[in-house]
Amino acid sequence: MRDKRLVVATPPHLRQGRTIRRMMMAFMVALLPALAWGVYQYGASVIVLLVSACAAAVAADAVVSKMTKTAGSAPDGHAVLTGMLIAAMLPPAAPWWVAAVAAAVAIFIGKAPFGELGGAPIAPAVVGILIVTLSWPEAVDNYVQPTTAAEALKAEGVASAETPIGAVLIDPSDMTEYDTKELWLGRQVGSSGTTGPLFLILGGLALIVARAARWQAPLSFIAGMGMSAVVANGIDPTVYPSAEFHLATGMTMFAAFFLCTDHPSTPTSPNGLIAFGLLAGILAYLLRVAGLEFGAEPWAVAIISLATPILDRLRPAPFGKVVSHA
Amino acid sequence: MDISFFKRGVKLSGRVPVFDITDVKAPDRAVLVMSQEAGIECKPAVKVGQTVERGAVVGEDPDGESFVHTPIGGRVAEVGAKVISPQGIETRTVVVERGDEKLQAWAPAWKDEQGDLLERLRVSGVITSCTQPLSLYRTLKDVARPRSVIAATSRELRRGIDHIAVRLTEFDPHLSALDAQSAQVDLQQFSDGIDELVKLTGARQIWLVEDKNIAKKHYEALEKTADDRNWEIVAFDSRRYPAFADALIGKRIIGREPPVALQNIHDSGVLVVDLSTVLDVRTALVENRPITKKTITVTGPRGTNVVRATIGTPYADILAAVGESGDYGKIILGGPMRGRAHHSLDYPLTRDVEAITLVAQGDVVLHENRMCISCGLCTMACPMRLSPGLLSRYCEFGQWEEADNTHLFNCIECGVCAYVCPAGRSMVQLMVLGKTEVSSRRNA
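Residues numbered from 1 in each chain as written. Chains lettered and ligands numbered in written order. Predicted model: local features only at pLDDT ≥ 70, side-chain atom pairs only at ≥ 80, totals over all residues. Heavy atoms only, no water.

Draft legend 1. Structural view of the overall build of chain A. On a plain count of helices and strands, chain A comes out with 16 helices and zero strands. Computed over C-alpha atoms, the radius of gyration of chain A comes to 21 Å, within 12% of the 20 Å expected from 2.2 N^0.38 for 326 residues, which places it in the range of a compact globule. Taken along its principal axes, the extent of the C-alpha atoms in chain A is 85 × 50 × 30 Å. Across the 326 residues in chain A, those meeting the buried criterion constitute 55%. Long-range contacts, defined here as pairs at least 24 residues apart, represent 76% of the contacts in chain A between residues at least 6 apart. If you sum the accessible surface of chain A, you get close to 13,500 Å²; carbon and sulfur atoms cover 68% of it. Here chain A carries 19 positive and 20 negative side-chain charges, and the mean point of each set is 25 Å from the other. (Helix = DSSP H or I, 4+ residues; strand = E, 2+ residues; numbered from the N terminus. Rg over C-alpha atoms; globule rule 2.2 N^0.38 Å. Buried < 20%, exposed > 50% of the residue type's maximum accessible area, 1.4 Å probe, protein only. Contact = heavy atoms within 4.5 Å. Areas by Shrake-Rupley, 256 points an atom, 1.4 Å probe, with all protein chains shown as cover. Lys, Arg positive; Asp, Glu negative; His and termini not counted. Charge placed at Lys NZ, Arg CZ, Asp CG, Glu CD.)

Draft legend 2. Structural view of the pairing of strand β9 (residues 90-98) of chain B. Residues and elements named next belong to chain B. Summarising the sheet, strand β3 (residues 29-33) and β9 pair through five bridges and their orientation is antiparallel. Looking at β9, one finds that R29 is bridged to E97. Alignment of strand β8 (residues 74-84) against β9, held across nine bridges, turns out to be antiparallel. Note on β9: the bridge partner recorded for K82 is R92. Two successive antiparallel strands, β8 and β9, enclose a turn made up of five residues, where G88 displays a positive phi of approximately 85°. (Pairing = 2+ DSSP bridges.)

Draft legend 3. Main features of the environment of Y328 of chain B. All names here are of chain B. Looking at where Y328 falls in the secondary structure, it is placed in strand β21 (residues 328-333). Taking relative accessible area as the criterion, Y328 reaches 4% and is therefore assigned buried. A sequence separation of 294 residues divides Y328 from M34, and the C-alpha atoms of the two residues are 26 Å apart.

Draft legend 4. Geometry of the sheet that holds strand β22 (residues 340-342) of chain B. Residue and element names in this part refer to chain B. A sheet is described by the order of its strands in space; here six strands give the open sequence β2-β20-β19-β23-β21-β22, paired in mixed fashion. A strand with exactly one partner marks an edge of an open sheet, and here the two such strands are β2 (21-23) and β22. Neighbouring strand axes in the sheet, compared pairwise and without regard to direction, differ in orientation by 30° on average. Pairing of strand β19 (residues 293-300) with strand β20 (residues 303-310) involves eight bridges; the strand directions are antiparallel. Paired with V298 across the two strands is N305, which belongs to β20. (Axes fitted to C-alpha atoms, helices over the stretch in contact; angles between N-to-C directions.)

Draft legend 5. Structural detail: the interface of chain B and chain A. Of the residues lining the interface, 63 residues belong to chain B; the matching set on chain A comes to 42 residues. For the interface between chain B and chain A, the tally reads 16 residue pairs in polar contact (both at pLDDT 80 or more). Looking at the side of chain B that touches chain A, the elements with two or more residues in it are α6 (246-254), β21, β22, α9 (377-381), α12 (416-420) and α13 (427-443) of chain B. Counting residues per element, the side of chain B that touches chain A draws most heavily on β21 of chain B, which supplies five residues. Across the side of chain B that touches chain A, the residue classes break down as 32 nonpolar, 21 polar and ten charged. (Polar contact = N/O pair within 3.5 Å; in protein donor to acceptor, adjacent residues only side chain to side chain. Nonpolar A, V, L, I, M, F, W, Y, C, P; charged D, E, K, R; others polar.)

Draft legend 6. Structural view of the confidence of the model for chain A. On average, residues of chain A carry a pLDDT of 88, and 92% of them reach 70 or more. Of the regions scoring below 50 in pLDDT, residues 322-326 of chain A engages in five contacts with residues more than four places distant in sequence or in other chains. (pLDDT = per-residue confidence, 0-100.)

Draft legend 7. Layout of the sheet that holds strand β4 (residues 43-44) of chain B. Residue and element names in this part refer to chain B. Here we have three strands laid out as an open sheet, ordered β4-β6-β7, and antiparallel in their pairing. Edge positions in the sheet fall to β4 and β7 (67-69), since each has one partner strand and no second. Looking at chain direction, strand β6 (residues 57-60) and β7 are connected through three bridges and run antiparallel. Bridge pairing links G59 to V68 in β7.

Draft legend 8. Seen up close, the pattern of salt bridges. Following the criterion strictly, the structure yields 31 salt bridges over all chains and no others. Connected via shared salt-bridge partners are D76 and E116 of chain A together with R370 of chain B. (Salt bridge = Lys/Arg side-chain N within 4 Å of Asp/Glu carboxyl O.)

Draft legend 9. Up close: the packing of aromatic side chains. Per the stated rule, a full pass over the model turns up ten aromatic pairs over all chains. Through pairs of rings, three or more aromatic residues link up here, namely W37, Y40 and F199 of chain A. A cation sits over an aromatic face here: R338 of chain B above F171 of chain B, 3.8 Å from the ring centre. A cation over an aromatic ring shows up here: R442 of chain B above the ring of F409 of chain B, its NZ or CZ 4.6 Å from the ring centre. (Phe/Tyr/Trp six-rings, centres within 6.5 Å; stacked < 30°, edge-to-face > 60°. Lys NZ or Arg CZ within 6 Å of the ring centre and 35° of its normal.)

Given below as structure tokens:
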């Protein structure tokens, strides 16, 4: 008898070849067009934010992996993706250290306490952004005109501007000044990587086609936001802007395609995802009209993320069984 | 029956059916593992030095449900040597060495030709490879026997089987032993087998389950017989795995989803067997012989072959017969989707094995079992509409009761969840662990 021992394993012995790393790469690539638009609009300041956020996330992850003696999430790209998401959500005029702090907080508080990738109840990037929003509101709520960004960096806070949502909140009659076509094309004041709705939609659709993300949550988020806007607009069109305005501005598309698709913090079942998206969309709309200029969408997603364990109970009935115990 | 009937599962490519069957000669030294079906271990029923006729019983389980027969007549050379089964369980073996010619005549499996069909089936070792290989007797014993007697009329009430579905192709689309068998099946033998099955179960309708991707000409003869004998034909797309799961075949036949918990869809009146089981039933009941041969698919670096081999033949001999040799990293007993990898090439063929799949040393990929990231790909792919990710976490952390309440036992272990999992989780392993733990707690 030969002693050679072979590899033992349980089935299946074939795998599709999907890995977490590839999934994260898909997200990064999908985010690139929107970030490129941000760089085109605001110049080097976006790159500064990107570099500092990504570097801080990777460094924080290295510290965590050293402390916990695990591989950490740098190899699978989640740390870098978190940094990219944070940079995309910050206004271009935000100081670089805010991005670094947000990324470090995201990893240390948003992710590390919950173990490996997969445990975080709220997307780490959202946690990072929300904490810096609460800590340094004036540094975060600091929007600038696209063309003046380079100068704005040199002489701090000179050419500040209002985002479309901020402007409408202050004076509803401003909404007539915005051409929705321009908004869709991304010619608007906003955060580094969230001002190009078309680029975000393009990236998001690519994610869905590549099956790195699922369509239910993004689409129902858009539906939730859109339907709320339609209802409010129907009640009083002079105060509440149209649905199109809401969908094209702020972080709607970013939240739909990049925050609602964070796997660990969203439900897994199709119905759960639809409920998640609808609730988050409605909540984001309510927060917007209640006066939250920056961060309505991350707040909404974070709050609804906490309901994920309950939404996850909206499981399909198993095969051959009509009544569910769920 | 097409995509609209079955949207879940995964698309597998690379199906190249093989239609030639190579015969592997019976070994001179047959190593008979006492655990021929998962979960049942027989006790050796012979002593060293004893002479046995071909087909004699050499192992019998305490419940009398499973038997091991010797495929060659001769002298018992060894009893009780231990080997480790693919399930990781230590089991005994009986080794028979070929004796002279007169011992090679078949010993009748059942002495009394007039015996109850089910009793005769019991001793012959017919396996049905539904979702899991199980003795056909065990599958049928509850349904074929009267369940109760109606008071005053003394009429027997049977649970009954209305439909028998005969799968003409493999569950795992990478295999082709059944395709080869169905392409060259002896129609008379097949019809006889069906007749015996109908006698056993009282079924009213026979269904032949075909693969859409196999050229019509391979099914021509069978289809003609089906026409003559009023059998129905259904076809599924084998590239969409697991289209040939019993539950999905049952759904197509009875028009609603049969209950699948505990993998007993017979309660819905459908018995799913494969073509080789039909032929085995004929061998057992018409020829009165035990089952000692098995047609399996052998896939290795040199390609795919279908071989007809004798139970008890060491794998090395089967591989040599088809010209496979080399430095293997993994030997999988079964197809790539459902087979278990064994640690040694020295293990002999058992009757629950459908295929041998070899993986070259350099091609072995070790998967990292990471934490579930809740991406939901498994939920979308699961043909039984379970939440495999959630179930795997329950099983990973020992929450057996929750796993049971989340329909763990509806899992058919097709492996689709692990196939799509980006975290490389050993989903099937966790499900099997959970099922084992839950059943042991139920029985305790």
